[in-house]
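The chain contents come next:
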Amino acid sequence: MTRTRGWATVWTVLRLVMAALIAAAISAQLAKSIGTAIELGRDVTTTIANFFSFFTILSNAAAAVVLAWAALWYLTKGRRADAEPHGLAVALACVSTYMIITGIVYNTLLRGIELPQGSAPIPWSNEVLHLIAPIFLLLDVFLGPLRRALGWRSLWSVVAFPIVWVIYTMIRGPLITNPVSGDPFWYPYPFLNPNNPGGWPSVVLYVIGIAAAIVAVGALVVWWGRRRGAAAGASDDAGAAASVPSSALPD
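Conventions used here
Residue positions are given per chain, counting from 1 as you read along its sequence in written order. The predicted origin of the model limits local features to residues at a pLDDT of at least 70 and limits the giving and counting of side-chain atom pairs to 80 or more, whereas totals for whole chains, interfaces and linings rest on all residues. Where side-chain values are given, they derive from all heavy atoms of the structure, hydrogens and water being excluded. Each helix corresponds to a stretch of at least 4 residues labelled H or I by DSSP, and each strand to a stretch of at least 2 residues labelled E; elements are numbered beginning at the N terminus. Here a helix's expected span is defined as the number of its residues, less one, multiplied by 1.5 Å. To get the bend at a given residue, fit one axis to the seven residues ending there, fit another to the seven starting there, and take the angle between those axes. For each residue, the accessible area found with a 1.4 Å probe, counting protein chains only, is set against the maximum for its type, and the residue is called buried under 20%, exposed over 50%, and partly exposed in between. In this description, contact between two residues means that some pair of their heavy atoms is separated by no more than 4.5 Å. Pairs of N or O atoms within 3.5 Å make up the polar contacts considered here, provided that, within protein, one atom can donate a hydrogen while the other can accept it, and that residues adjacent in sequence are counted only when both atoms are side-chain atoms. Put simply, buried Ala, Val, Leu, Ile, Met, Phe, Trp, Tyr and Cys residues joined by side-chain atoms within 4.5 Å make one nonpolar core. One side-chain nitrogen of Lys or Arg within 4 Å of one carboxyl oxygen of Asp or Glu is enough to make a salt bridge.

S.K.: Account for helix α5 (residues 123-143), with residues named and values stated.
M.R.: Taking 1.5 Å of rise per residue, the 21 residues of α5 would be expected to cover 30 Å, and the 28 Å separating its terminal C-alpha atoms lies within 8% of that figure. For α5, the principal kink sits at L129 and spans about 40 degrees. Turning to α5, its buried residues number three or more, namely S125, N126, V128, L129, H130, A133, P134, F136, L137, D140 and V141.

Rendered as C-alpha cells:
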C-alpha cells in the first residue's frame, strides 16, 4: 500500500498538516510564555531561551521542518523517484527517534508535572507536542512512502543531537537564574536537576537510561527503514546520496 502513488500523496498531505499543527502548537505556547513573562515582569530573553532549551520544543520544531521538507520534496521531485534522498532519510530517522522518545519520556515520567517553560501549558498544544505528534512520527516510520534503507552508520547522526543537547543543558543549567522561582539554576526537566533529591547520581542514571532508550529506538527506526527500503530496492548502505533510476509507482 505504501508504494502506491495514491498513498504517497495522502501521506504527503498528512505530513504537511502535521507540520503546520506542530508549528501552531509551538507558537501558541511560546506566545503564552512571553505574555506571562511580560505581565509578571520576568526577563523575556531568558524566558525565550529557556523555552527553546526544552528537548520537546527542539525535537518538535525539527520534526515540523523535516515533515515539511519531505512533503515539498515529494510534491516537486518525489513523484518520479523510487526513494527519498539520503539526507532526507537521515533527517526523518533523527526526528522520528527524538519524537518517539519525547512521547515515551513525557507520558511515563512527566505527565502531570508542570515544567518550567514560563507559563502554564496550553492543553491542546501540550497534547500535540507530547502525544499526537510523537504518535504521527511513529506511524511515519511504518507508513511513510518511498523510504530508503540507510547504512548503520547513520545511527551516529541520530544520537549526535541528544548528546550535544545534554552537554549544553548541564553546562547552561547552573549559569541561569530561574525567572520564575529565582533559584540560581535552571534545568528544563526535574530528572536533570542535580539540586533535586538524589543529586548527580540520579541525574547520571537518568541520562544513561534515556541514552540507552534513544539508541534502542534509533536502531529500531534504522532497522525498519532498512527492511522497507531493501524490500523496495532502495538501499543506501554506503551512505551515498546517489539517485536510483525511477520506475513508475503503481496507481
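S.K.: Run through the environment of T169, naming residues and quoting values.
M.R.: Tracing the backbone shows T169 in helix α6 (residues 154-172). A relative accessible area of 3% places T169 in the buried class. Taking the C-alpha atoms as reference points, T169 and S53, 116 residues apart in sequence, are found 7.5 Å from one another. For T169, the residues in contact, after removing those within four places along its chain, are Y187, P188 and L192. Looking at T169, its side chain comes within polar contact range of the main-chain oxygen of W165, at 2.8 Å.

S.K.: Would you mind going over the nonpolar core in detail, with residue names and values included?
M.R.: I22, L67, L110, L137, Y189, F191 and L192 are the most contacted members of the largest nonpolar core, which has 64 residues in total. Broken down by secondary-structure element, the contributors of at least two residues to this core are α1 (5-40), α3 (55-76), α4 (86-110), α5, α6 and α7 (199-231). Counting residues per element, this core draws most heavily on α4, which supplies 15 residues. Sequence-distant contacts of Y189, defined by excluding residues within four places in its chain, comprise F54, F55, T56, L110, L115 and W165.

S.K.: Outline unusual backbone geometry, supporting the account with residue identities and numerical values.
M.R.: Residue L146 is not a glycine yet carries a positive backbone phi of 55 degrees. Along the chain, L146 falls in the loop between α5 and β1 (149-150).

S.K.: Can you tell me about α1, naming the residues and giving the values?
M.R.: Spanning 36 residues, α1 covers 53 Å between terminal C-alpha atoms, matching the ideal 52 Å at 1.5 Å per step. Looking one or two residues beyond α1, the residue adopting positive phi is G41, at roughly 75 degrees.

S.K.: Go over the side chain of R228 with me, naming the residues and quoting the values.
M.R.: Locating R228 in the fold gives a position in helix α7. A distance of 3.4 Å separates a polar side-chain atom of R228 from the backbone oxygen of F142.

S.K.: Give a detailed account of the pattern of salt bridges, specifying residues and quantitative values.
M.R.: This structure, assessed with the given rule, holds four salt bridges. D140 serves as the salt-bridge partner of R15, at 2.9 Å between the closest nitrogen and oxygen. One end of the pair, R15, is in helix α1; the other, D140, is in helix α5, with 125 residues separating them in the sequence. In terms of burial, R15 and D140 fall into one category: buried. Between D140 and R147 there is a salt bridge, and its shortest N-O distance comes to 3.4 Å. By the burial criterion, D140 is buried, and R147 matches it. Residues participating in the shared-partner salt-bridge network are R15, E84, D140 and R147.

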